[in-house]
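Fold and contact review
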Amino acid sequence: TETGHLLMENPAGEMKPSYDTAYLEVVAPDANGIGKLIVTTLSNEYMPLLRYEIGDLAERNERSYGTDYVVHGRARDALLRSDGQSVTTWQVDQCFAELSGLAHYQLRQSPGGECHLRYVPESTGLDAVSLRAIVTRLEWLLESPITTEAVPTLLPEASGKFRLTCRMPE
């Protein structure tokens, strides 16, 4: 929601910056080019933000026809691989691409690195082949075994927002 006025999706699915409202920076990028999204507002004269860290991770892509961004999710929701590399919510979400039968999910990581996938199947159900494909993709991404649990519902946080990925406190 914080990036809603900063980036707009074009018909090609690319997130384009709004140059009239803010200047965006991606700082401290990792080996994949994913870093903290920093914002300087250009149109808020009452409460301007100067190099404000909004808590999102993003990737900036320079192309011959312009710049676009991939918002990877909240920094606090990034998971960790066994080698210490961060895995973002967007990267986890890509493991569910092109598979049907799943209405909603949450992937929780314990302090020891173990991951537990809780999911709500669609009314048509989630077949075993699709579930195995999801688990295989997640295990490859996180380099960790994944346990699964079908649940009837997933509740939002107190803020009303859902966290698709989260590290559990120690």
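Source: prediction; values computed, not measured.

The residue arginine 51 is not glycine, and still its phi comes out positive at about 50°. In this structure, arginine 51 sits in the loop between strand 4 (34-41) and strand 5 (52-63). Positive phi, normally seen in glycine, also occurs at glutamate 143, with a value near 55°. Within the element layout of this structure, glutamate 143 appears in the loop between helix 2 (128-142) and strand 11 (146-150). Its relative accessible area of 41% is what places glutamate 143 among the partly exposed residues.

One can find tyrosine 65 in the loop between strand 5 and strand 6 (66-74). Between the alpha carbons of tyrosine 65 and valine 92 there is a distance of 28 Å; along the sequence they are 27 residues apart. With residues near it in sequence (within four places) discarded, tyrosine 65 still touches Glu14 and Lys16. Reaching out from tyrosine 65, the side chain makes a polar contact with the side chain of glutamate 14 at a distance of 2.4 Å.

With that settled, consider the nonpolar core. Ranked by size, the top nonpolar core spans 19 residues in total, and within it Val92, Phe96, Leu107, Leu117, Leu138 and Ile146 carry the most contacts. Among the elements of the structure, strand 9 (102-109), strand 10 (115-121) and helix 2 are those that each provide at least two residues to this core. Per-element tally for this core: the top contributor is helix 2, with six residues. Once you skip the residues sitting within four places of it in the chain, leucine 107 turns out to touch Leu79, Val92, Cys115, His116, Leu117, Leu138, Leu142, Ile146, Leu164, Thr165 and Cys166. Membership of the second largest hydrophobic core comes to ten residues, among which are Leu7, Leu24, Ile54 and Ala58.

Procedures and definitions
Residues numbered from 1 in each chain as written. Predicted model: local features only at pLDDT ≥ 70, side-chain atom pairs only at ≥ 80, totals over all residues. Heavy atoms only, no water. Helix = DSSP H or I, 4+ residues; strand = E, 2+ residues; numbered from the N terminus. Buried < 20%, exposed > 50% of the residue type's maximum accessible area, 1.4 Å probe, protein only. Contact = heavy atoms within 4.5 Å. Polar contact = N/O pair within 3.5 Å; in protein donor to acceptor, adjacent residues only side chain to side chain. Core = buried A, V, L, I, M, F, W, Y, C linked by side-chain atoms within 4.5 Å.

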